[in-house]
Amino acid sequence: MSDALLIGISARIYHPIAPVIDLGGIFNKTLHYLEQSVAHWVLQPHVLALMIPPVEREGLLQPGQVSLADYAERLDGLVLQGGTDIAPESYGETPLAPDWAGDRVRDRYEIGLFEAFVAQGKPVIGICRGCQLINVALGGTLYQDIPTQLPSAIAHRDDERYDHQFHEVSLVPGSRLAALYPSITHAEINSIHHQGIKALAVELDVEALAVPDGLIEAVRWRGPSYLFGMQWHPEFMAQRQFHPNQLDGGPILAEFLDAARARRR
């Protein structure tokens, strides 16, 4: 498939810490990994998915030897996958609790990836943490913990239910997201996060809101290239029907891939 689109996916990072490190073996090492459901969601006929490994100062390679811009130049698009919290330091705050310290290493890596792909005019899509990362990279801030800082909000995460936790979302009329679903104004989406967008970056438009608390659920850049973030996980909903009114992520993926094909041409 020499004509296949090449879509890069940011890596999750496992840092060896207790108690998992006590298992020994591979758990003593820093791991870069890709969640299978994300890869399978992206993979289509004539579409290949590749994980982009971070380059950090403590590794064998130095950032000056391998550039994230090289990936942006050769790949057709970027998916920022979900995962651990964004560090409050990445948006000018300090953690309100030790458990909310986040992963500053991953933040630096993904913001660098984001900036490289945007500079090349390549499409970028963010899932959950990826949506938050887009907002932070463009100057926005986050709620470090929704239940604490926004106690009137609905439950956006339930550790026991995990990807079975759903709530209603409203698509903003007139938005490009709403145009993808012409017969839908409200739908159900999964919700697996305790952070969320607080101050919206000035270059972003809101395209979906949680019902009834109004928390931002999807954003889009007003800039010249494709840049979209959603707080939910379409890759989990693609595997099975959890809710009769769940939002089909197919149109969103198709729009992203169409943007990648257009950019290649």
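Bear in mind that the values here come from a model prediction, so they are computed numbers and not experimental data.

Trainee: Please clarify how helix α8 (residues 250-264) should be interpreted in this entry.
Mentor: The α-helix winds at 3.6 residues per turn, so residues separated by three or four positions along the chain end up facing the same way. In this model α8 runs 21 Å from its N-terminal to its C-terminal C-alpha over 15 residues, within 8% of the 21 Å that 1.5 Å per residue would give. Inspection of α8 places I252, L253, E255, F256, L257, A259 and A260 among the buried residues, and these make up the whole buried set.

Trainee: When you look at the nonpolar core in this model, what are you seeing that I'm missing?
Mentor: Grouped burial of nonpolar side chains is what soluble globular proteins tend to show. Grouped together as the largest cluster of nonpolar side chains are 33 residues, with contacts concentrated most on V79, I125, L177, W232 and I252. The element that contributes the greatest number of residues to this core is α8, accounting for 6 residues. Setting aside residues up to four positions removed in sequence, I252 forms contacts with I125, L177, L180, Y181, Y226, F228, M230 and W232. Among the nonpolar cores identified, the runner-up in size contains 31 residues, and I13, A72, L75 and L227 belong to it.

Trainee: Is there a simple way to explain the sheet that holds strand β6 (residues 124-127) in this structure?
Mentor: Strand order in the open sheet formed by 9 strands is β4-β1-β5-β6-β13-β12-β11-β8-β9, with mixed pairing between adjacent strands. Across the chains shown, the open sheet's two edge strands, defined by having one partner strand only, are β4 (47-52) and β9 (186-190). Strand-to-strand twist across the sheet, computed as the mean angle between neighbouring axes with direction ignored, equals 25°. Here strand β1 (residues 5-10) pairs with β4 via 6 bridges, running parallel. Paired with G8 across the two strands is L50, which belongs to β4. Strands in contact with helix α4 (residues 129-137) are β5 (77-80), β6, β11 (204-211), β12 (216-221) and β13 (227-230); relative to β6, the strand with the most contacts, it is inclined by about 120°. Contacts from α8 reach β1, β4, β5, β6, β12 and β13, with the element oriented near 120° to β1.

Trainee: Looking at this model, I keep getting lost on the pairing of β12. Mind explaining?
Mentor: Two faces make up the sheet, and in a regular strand the side chains alternate between them. Of all 6 residues in β12, 6 are buried, a share of seventy percent or more. When β11 meets β12, the two strands line up antiparallel, connected through 5 bridges. The residue of β12 that forms the bridge with D205 is R220. In this structure, the hairpin formed by β11 and β12 is closed by a connection of 4 residues, where G214 is found at a positive phi of approximately 80°. Where β12 meets β13, 3 bridges bridge the pair, whose relative direction is antiparallel. Looking at β13, one finds that R220 is bridged to F228. Linkage of β12 to β13, two consecutive antiparallel strands, is achieved through a turn of 5 residues.

Trainee: Would you take a moment to explain unusual backbone geometry for this structure?
Mentor: Geometrically, the link from V211 to P212 is a cis peptide bond, its omega value of 10° lying close to zero. Structurally, P212 can be placed in the loop between β11 and β12. With a phi angle near 55°, C128 is a residue other than glycine that sits in the positive phi range. Tracing the backbone through its elements, the reader meets C128 in the loop between β6 and α4.

Cut-off values and rules
- Residues numbered from 1 in each chain as written.
- Predicted model: local features only at pLDDT ≥ 70, side-chain atom pairs only at ≥ 80, totals over all residues.
- Heavy atoms only, no water.
- Helix = DSSP H or I, 4+ residues; strand = E, 2+ residues; numbered from the N terminus.
- Expected span 1.5 Å × (residues − 1).
- Buried < 20%, exposed > 50% of the residue type's maximum accessible area, 1.4 Å probe, protein only.
- Core = buried A, V, L, I, M, F, W, Y, C linked by side-chain atoms within 4.5 Å.
- Contact = heavy atoms within 4.5 Å.
- Pairing = 2+ DSSP bridges.
- Axes fitted to C-alpha atoms, helices over the stretch in contact; angles between N-to-C directions.

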